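Secondary and tertiary structure notes
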Amino acid sequence: MLARTLIMRAINLVILLLIVLFVISFVLSGPASKILEQEIQQEARAIAVNILRSGHANATQVQAIYNTIVNQLSKAYGLDKPPYIRAFYIMYSMLTFNWGYSYFPQEYGVATGRVVDIIMSAFPGTILLDTFGILLSALIGIEVGLRSALKYGSKLDRGIMYYAAISNGIPQWWLGIVMLLVFAFYLSSIHSPIVFPTGGILSPKYYAVWLIDPVKVFLNPHAVLDLLWHLALPLITVLIINVGGWAYFARSIVLNISQEDFVTFAKIKGLPENQVVNRYILRPAAPAVLTNVFITIPFVIFGGFLITEIVFQWWGLGYVYNIAVVQSPTPDLPVVVALTYASTLLYIIIVFIMEIVYIMLDPRLRER
């Protein structure tokens, strides 16, 4: 029964992914045709240059070869077909992770210019700051919110609520600027022995290695220390802003469940407090809390911390989004489309994981 339920949920989510992907591909089939044309021309140009360098053909013959390749590939990719046909070609490219080349590779500093390479070079930075930051803040905030709810009305509870209200009212990017002004520029101006960097994910001597192979950075102890030094201010900023919100959310959920009749009945029966909290309060609250944690992750990864990454010049996917949409001479469609598809795919995967977690937490769902 459990396997059948999960298979049905997986099929539904895959169908949903294909529908979303087709809609995105169809809407972008006009501009996306330019993506294919650019990709074809780049590939044909690379082949033509190699032939010309080999000396097996003159310039006229190479030009004819180039035109032949472009025409054949254009037909192969269906550029002479209606938009809905081109949409299927785009879907196939997205599903096979053949995301083509950036229009403006020099803007990203990734030598190959391939969209996959650009995204993969920025992905570890986003995981390190955004995902780790939001998970750590959720872990701390939920624990703080739980303790606050169990001591409802106390000084601790009121203090946490004041902190949550203040942190929710402060923009994360604004606190980031303040942190930089104080701990980077001001401490540097007074020649403090402890000074944090003004931005970036690594010092220049390690940054080039990070763009090519981030794993090599983690194998170098000095590079790891340099990475942690650059991570300190952005991570502290994320924690200060987000812990309050998670604490308020967890407190509200726990307080609502604490007022349910089954919790009151458990207390009347004289069950130990730990058993009441763990079994009758935390377990019913878990699905709602996990839903918010999981749902937050894809939005955070693909642009939720966009301005924060810009403030700290942190090489992550939000920073790549900014380059693709704002800093490029024109919107870099290959990068934008790839990031959009990747965020949708991640969202679908997370929803499926949530379905599994729900079934594990609530056995009644297995019988539906």
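This text follows the structure it describes.
So, here is what we can say about the structure in this document. (Residues numbered from 1 in each chain as written. Predicted model: local features only at pLDDT ≥ 70, side-chain atom pairs only at ≥ 80, totals over all residues. Heavy atoms only, no water.)

Notes on the overall build of the protein
A count of helices and strands for the protein gives 15 helices and 0 strands. Counting only C-alpha atoms, the protein reaches 90 × 65 × 35 Å along its principal axes. Counting only residues that meet the buried cut, the protein has 43% of its 368 residues in that class. Taking the contacts inside the protein whose residues are at least 6 apart along the sequence as the reference set, 72% of them involve residues at least 24 apart. Per element, the accessible surface of the protein, about 19800 Å² overall, is 67% carbon and sulfur. Considering the protein, the positive charge centre built from 23 side chains and the negative charge centre built from 19 side chains are found 6 Å apart. (Helix = DSSP H or I, 4+ residues; strand = E, 2+ residues; numbered from the N terminus. Buried < 20%, exposed > 50% of the residue type's maximum accessible area, 1.4 Å probe, protein only. Contact = heavy atoms within 4.5 Å. Areas by Shrake-Rupley, 256 points an atom, 1.4 Å probe, with all protein chains shown as cover. Lys, Arg positive; Asp, Glu negative; His and termini not counted. Charge placed at Lys NZ, Arg CZ, Asp CG, Glu CD.)

Points about the packing of helix H7 (residues 172–189) against helix H10 (residues 221–258)
Interaxial distance between H7 and H10 falls to 9 Å at its minimum, and their mutual angle equals 135°. The angle between H7 and H10 places the two elements in the oblique class. Every pair of crossing elements has a handedness; the one defined by H7 and H10 is right-handed. Residues Gln 172, Leu 175, Gly 176, Met 179, Leu 180 and Phe 183 of H7 form the contact with H10, whose participating residues are Leu 233, Ile 236, Thr 237, Val 238, Ile 240, Ile 241 and Asn 242. Taken together, the residues that form the contact of H7 with H10 break down as 9 nonpolar, 4 polar and no charged. (Axes fitted to C-alpha atoms, helices over the stretch in contact; angles between N-to-C directions. Parallel < 35°, antiparallel > 145°, perpendicular 65-115°, else oblique. Left-handed = near helix turned anticlockwise from the far one by under 90°. Nonpolar A, V, L, I, M, F, W, Y, C, P; charged D, E, K, R; others polar.)

What about unusual backbone geometry?
The phi angle of most residues is negative, glycine excepted, and most peptide bonds adopt the trans form. Phi at His 191 is positive, roughly 60°, even though this residue is not glycine. Checked against the element boundaries, His 191 lands in the loop between H7 and helix H8 (204–212). Overall, His 191 belongs to the exposed group, its relative accessible area being 71%. Look at Gln 313: it is not a glycine, yet its phi comes out positive at around 50°. The residue Gln 313 is located in the loop between helix H13 (306–311) and helix H14 (317–327) in this model.

Observations regarding the packing of helix H6 (residues 155–169) against H10
Their axes nearest at 8 Å, the elements H6 and H10 cross at an angle of 125°. Judged by the inter-axis angle, H6 sits oblique to H10. When you trace H6 past H10, the crossing you get is left-handed. For the pair formed by H6 and H10, the contact residues are Asp 157, Ile 160, Met 161, Tyr 163, Ala 164, Ser 167 and Asn 168 on the first element and Leu 239, Ile 240, Ile 241, Val 243, Gly 244, Gly 245, Ala 247, Tyr 248 and Arg 251 on the second. Of the residues belonging to the contact of H6 with H10, the class tally is 10 nonpolar, 4 polar and 2 charged.

Quick look at the packing of aromatic side chains
As enumerated under the stated definition, the model contains 4 aromatic pairs in all. Between Phe 183 and Phe 196 the ring centres are 6.3 Å apart and the planes differ by 85°, which places this aromatic pair in the edge-to-face class. Of this pair, Phe 183 sits in helix H7 while Phe 196 sits in the loop between H7 and H8; the two residues are 13 residues apart in sequence, bridging distant segments of the chain. Taking the relative accessible area as the measure of exposure, Phe 183 reaches 32% and is therefore partly exposed. Residues Trp 315 and Tyr 319 carry aromatic rings whose centres are separated by 6.1 Å and whose planes lie at 70° to one another, so their mutual orientation is edge-to-face. Since its relative accessible area comes to 2%, Trp 315 is described here as buried. (Phe/Tyr/Trp six-rings, centres within 6.5 Å; stacked < 30°, edge-to-face > 60°.)

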